[in-house]
Structures are given as structure tokens and as C-alpha cells.
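Here is what each chain is made of, one letter per residue.
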Amino acid sequence: MAEEKSKLQRLFEAGEFVVTGEIGPPRGADVEHVHKAAEGLRGVIDAANVTDNQTSILRMSSIAGVLLAQQKGVEGVAQMTCRDRNRIAIQSDLLGAWALGIRNVLLLSGDHQSFGNDPQAKNVYDVDSVQVIKIMADLKNEGRFLNGKKAKTAPKFFIGTTANPFADPEELQLIRLKKKIKAGAQFVQTQSIYDIDRFERWMEKVREWGLHKEAYIEAGVIVNKSVRSVEVTQTVPGMSVPDSIVERMRKAKDPKEESVNIVLEIIERIKKIEGISGLHIMAIGWEEIVPEVVKSAGLLPRPTLN
Amino acid sequence: MIIASQKPIDEIKEYIKDYKKILIAACGTCVTVCLAGGEKEARELAELLSLDGDQEFRVVTPERQCDSEFLAEFDENVGWADVVLSLACGVGVQYMAERYVKKPVVPGLNTSFMGTNRDAGYWTEMCQGCGNCVLEKTGGICPVARCSKSHFNGPCGGSADGKCEIDPSTDCAWQLIYDRLKSLDQLEKLYETIPPRDWSTSRDGGPRKIRRPDVAIEEG
Ligand code: SF4
Ligand code: SF4
């Protein structure tokens, strides 16, 4: 039986500057893919999210992916969107996840299915992300399902969620974050930061509202592999990529190297912001670069727990 | 009102290809207003379909196809026809089929949503008939029908510049809700967490019905 409290939670509680990563599960039932990705991240990050059909592209399930990552010694964060499951399926799958030794969960709305390869699919949205956080927190704290029935062995997940500092309307996004934290979110991963000035302004508001004291906030960054990848990122709704960054990538002799430089500069600024408890690094399709980024950012070796 | 649009002409032709006498039944209410299945559209459709050959067409336009009172006067025309091509909403089509047990009735429209006319040739969805209206909490803007994810507690992370993440021509319902509550000086409503809702009042609870003893006609 795995410990009740995840390593991720204990690191946050110990006041460490946490580093998490991300594993995109395969578009197939391939075990090796996840094992390899996890091995590459072991010792470099503290925990890895495994995405739940991100951008609505059909992939292996997050829970299965976390299990495979944990087999290779990388603690996982299972993601669960409200897009594909109703309250019955969400609670049921998360009971299973806990039973299998998964301790962290990241609850989010999920990208609309129109982004992926199955725009014909019916979506669910039985509950929204604020509601699902409350459901999982009540299950942990009161041992009851949403329907009021008592759970035999209630899962006690370390509950995370997302926040987008670049989405609109700004005030309402903060109200929603406040509601998520009040509902029971203990850690928050932000949308990837390119516009660090804007992010610093957002964090000022977060501090004004005192939200950084009620949940651990991890700043998200993406390492883009190519000029094209930055250009595509710039077009994603809710992403804020300044033209200056796209220009820098376009002009660079070695865009990959420049991309790492850009991320390292952003991380330097992030580390100085009051109220940030960790970093969430995404490098989908370029996971091999993560060790170099973490090392150059001066974040190695990763702390251990006794 | 109910908004619909005409099916592609080839699909309609396919439905009626085995029949000779075709009664096109328009409807004088919602689908007339949204220019999809009124008298005018029915006549145009009859004209278009008759170009092809030896089928015969008649057009009738009851005030409402979803009301038996208005259907009776068409019994004779229905008797004449081999098939009824109904240009009513899905309710009208089904009601016709129920009344004329032995007559095939096929739809000529795709019934789309409950909504309104925004501009010439432009209609948008407003209500999903969820059976438990929350508009008081959301400044009169529906989060069920107008937020692509039916969120109850604020916008997802894809809301940008007032638009929904699914497409730049769709307003983000939560931006609209925010703007409206702000102008009403009621932003405090947005701090309230709306709990998971009871969807049994929506389609999820099975086909719905309303019984009102107060207006029912007593027997005897
Ligand atoms: S809350 Fe329900 S009843 Fe009210 S407008 Fe929206 S869908 Fe219609
Ligand atoms: S962008 Fe706005 S309308 Fe679209 S799904 Fe998100 S909250 Fe709903």
C-alpha cells in the first residue's frame, strides 16, 4: 500500500521549490513509450502529470499512464477532465486510481472536443471543475460521495487544478480560482507563461487576494521544439505568446537552443516571484530536453524526503 | 422560438424518390419566422423538386403542425398524398405521423435549437430547456446553452477577448455574464459556488412531461 500522502504534497509542505513535468501518453496501447518517458524524467522532476486526452486527441488514459510511470519510479499526477465523464465515472475511476497507488490528481474542465480528431463526440460536462474539486475534497474530508452515501475507504488525493493568468475576464478568472481553492484545490498549475511581465502582474493580484497562501502555485512553462511549434502555440485560445518571442525564435540560427534560452530566462524571473512554490515544465514531443532545462535552471539535484 | 434549417435538397429527394404524390406541409409558426419551413419556403421547394420529373406536389400551411386543431382541415390533402414532407420542427413532424397512422411522414428540416434571430440570416441558441432555470444567478444569460462546456462557476481557461475557445465567432457566455452582472452592480453573485446540478429535470431524466392538475379538465 502506497503512503497516504504523496511525495509531491510532502515536498510542498517541506517548503521545497517543486518541479513537475508532463508525460503525454501514447496514441496507442504502447507500454514502452510511457516507461521511456518516465525513465528520462526520473530524478529530474518530482512528479509528472499524465494528460487526460489533452486537446481532445484520443490517447491512452491518464490513470493507466500514471501507473506505468510509477512503475519506473516517477510519481504521477493523474489528470481528470469534466469533458468525458459524468459524476459516476469520475468518482469511480478515481476510487480505482487511489486503490492502484495514485495519490495526486489534477482536476480540470478539459479542452472542448472540437479541438481534437473526434469533433463528432458528445461531451459530458455533468459537473464543472469547481464542482468536481468539491466532490473529491468532500470524499477526502467527509468520506462521502456526492450522492451522500458513505465510501468504504475514501481516497485522500492531493488535489490540484489549473489556472490561466492570460484568460478573460481577468477578475472573473481570479474569482473562479478562489472558488476552486475554497472547494479544496491544494495546488495550482498555471497555463504556460511566455508573457512574464503579464504573469508578474497577475501574481500581484494573486497575492492581494491571498490565494498563494491558500494553495501552492506552480508556474507553467513550455519548451517549444521549433519555430512552428511556437507559432502554433500563439494561436491557441487562452495562450499569450508575445510577438517578440516568436521573432526571437524566427531569427535564431539554432531555434532549439534559443527556445531553451527563452525558457531559462522566464524561469529566472519566475523564481524571483513571491508566492510561487514550484515550476511545471511541459515539453510535449521533446521530453529529452527537460533534464538540461532543469539542470541549467539550477534546480538539480532534486530534494529527497527522509 | 424553435430555429430550424432546411435539409440539403439531395437528402430530401432521396426521402421522397419512391413516391408520386407529395404533400409538402409547411408550418405557420416558428419555422415561418426563421425562414425555413413557412408557406414561401414550401412553395419554393415544390418548384425546385418538380423540375426533376413526374412527381406531383401540393402545399398546405397549417397555422401550427404541433396542434391537432389546425391539422384537421388537411385530412383530405393528406388522403390524396403518398407521402407527407413536413417542413415543421421535429414536434410537428411527429405529430403529423401520429395523426396519420398509415401515411409516411418525412422531415424536410433539421430542427436545431431554441433561440433567436440576431441579424438578417443569423440565429443563435439561447436555451436548452434544462428544466431548472438558473438565469437569476447568471444575469439572465444561460450558462447551460451558451457556454460550450455548460460551466456553472465561471469561465474555462479558453475564454479570450470575449470569445469562446471553440470558435472566434462564438461569444463566451461567461464574459457576457460578467459584463452584465458588473453593469448591474451584482458581481458578488459570482462568488457563490453553484453545486452540481440535478440534471434529471433535463433530457437526462428521460422524456419529460408536465402534468398540471389545476388546468386539467375534470371527468364527469
Ligand atoms: S438555465 Fe435552463 S431553462 Fe434557463 S435558459 Fe438555460 S437551459 Fe433554458
Ligand atoms: S470559453 Fe467561455 S463559453 Fe467557451 S467553454 Fe469556456 S467558459 Fe464556456
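Residues numbered from 1 in each chain as written. Chains lettered and ligands numbered in written order. Predicted model: local features only at pLDDT ≥ 70, side-chain atom pairs only at ≥ 80, totals over all residues. Heavy atoms only, no water.

A. The packing of aromatic side chains, seen in detail. All names here are of chain A. In total, this model carries eight aromatic pairs over all chains according to the counting rule given. Between Phe158 and Phe187, the ring centres sit 4.7 Å apart and the planes meet at 25°, which makes this aromatic pair stacked. One end of the pair, Phe158, is in strand S5 (residues 158-163); the other, Phe187, is in strand S6 (residues 187-192), and 29 residues separate them in sequence. Each member of the pair, Phe158 together with Phe187, is buried. One aromatic cluster is present, built from ring pairs that chain together Phe12, Phe158, Phe187 and Tyr216. If you follow Arg103 out to its NZ or CZ, it ends over the ring of Trp98, 3.6 Å from the centre. (Phe/Tyr/Trp six-rings, centres within 6.5 Å; stacked < 30°, edge-to-face > 60°. Helix = DSSP H or I, 4+ residues; strand = E, 2+ residues; numbered from the N terminus. Buried < 20%, exposed > 50% of the residue type's maximum accessible area, 1.4 Å probe, protein only. Lys NZ or Arg CZ within 6 Å of the ring centre and 35° of its normal.)

B. Up close: the domain arrangement of chain B. Parsing chain B into structural domains produces domain 1 (2-112) and domain 2 (128-201). Put simply, the middle of domain 1 of chain B and the middle of domain 2 of chain B, counted by C-alpha atoms, are 37 Å apart. (Domains from an automatic or database assignment.)

C. Fine view of the state of the cysteines. Per the stated rule, a full pass over the model turns up zero disulfides over all chains. The structure places no disulfide on B:Cys30, whose sulfur is separated from the nearest cysteine sulfur, that of B:Cys89, by 6.7 Å. (Disulfide = S-S within 2.5 Å.)

D. Just the interface of chain A and chain B, in detail. Counting from both sides, the interface comprises 30 residues of chain A and, opposite them, 30 residues of chain B. Summing the contributions of chain A and of chain B, the shared interface buries around 2,500 Å²; its carbon and sulfur component is 55%. Where chain A touches chain B, the interface holds zero salt bridges. Inspection of the region where chain A meets chain B yields 18 residue pairs in polar contact (both at pLDDT 80 or more). Contributions of two or more residues to the side of chain A that touches chain B are made by helix H5 (129-142) and helix H6 (170-183) of chain A. It is H6(A) that provides the largest number of residues to the side of chain A that touches chain B, a total of seven residues. Each residue belonging to the side of chain A that touches chain B can be placed in one class, and the counts come to 12 nonpolar, nine polar and nine charged. (Contact = heavy atoms within 4.5 Å. Buried area = accessible area lost by both parts, 1.4 Å probe. Salt bridge = Lys/Arg side-chain N within 4 Å of Asp/Glu carboxyl O. Polar contact = N/O pair within 3.5 Å; in protein donor to acceptor, adjacent residues only side chain to side chain. Nonpolar A, V, L, I, M, F, W, Y, C, P; charged D, E, K, R; others polar.)

E. Examining the pairing of S6(A) more closely. Residues and elements named next belong to chain A. Most of S6 is tucked away: five of the six residues are buried. Bridge count between S5 and S6: four bridges; the pairing is parallel. By the bridge assignment, Gly160 is partnered in S6 with Phe187. As for the winding sense of the linkage, the β-α-β connection from S5 through H6 to S6 is right-handed. With four bridges joining them, S6 and strand S7 (residues 216-222) adopt parallel strand pairing. Bridging across to S7, Val188 finds its partner in Ile217. (Pairing = 2+ DSSP bridges. Right-handed = clockwise from strand over helix to strand, strands pointing away.)

F. Quick peek at the side chain of A:Ser129. All names here are of chain A. With respect to the helices and strands, Ser129 occurs in helix H5. Residue class for Ser129 comes out buried when judged on its relative accessible area of 1%. Ignoring anything within four residues of it in the chain, the contact list for Ser129 reads Cys82, Leu108, Ser109, Arg176 and Lys180.

G. Structural view of the pattern of salt bridges. All names here are of chain A. Tallying each qualifying case throughout the model produces 29 salt bridges over all chains. Its salt-bridge partner being Arg269, residue Asp197 comes within 2.6 Å of it at the nearest N-O pair. Residue Asp197 is located in helix H7 (residues 196-209), and its partner Arg269 is located in helix H11 (residues 255-271); the two are separated by 72 residues in the primary sequence. The exposure class assigned to Asp197 is partly exposed, which follows from its relative accessible area of 41%. Among the ionic contacts, a cluster of salt bridges with common partners joins Glu231, Glu247, Arg250 and Lys251.

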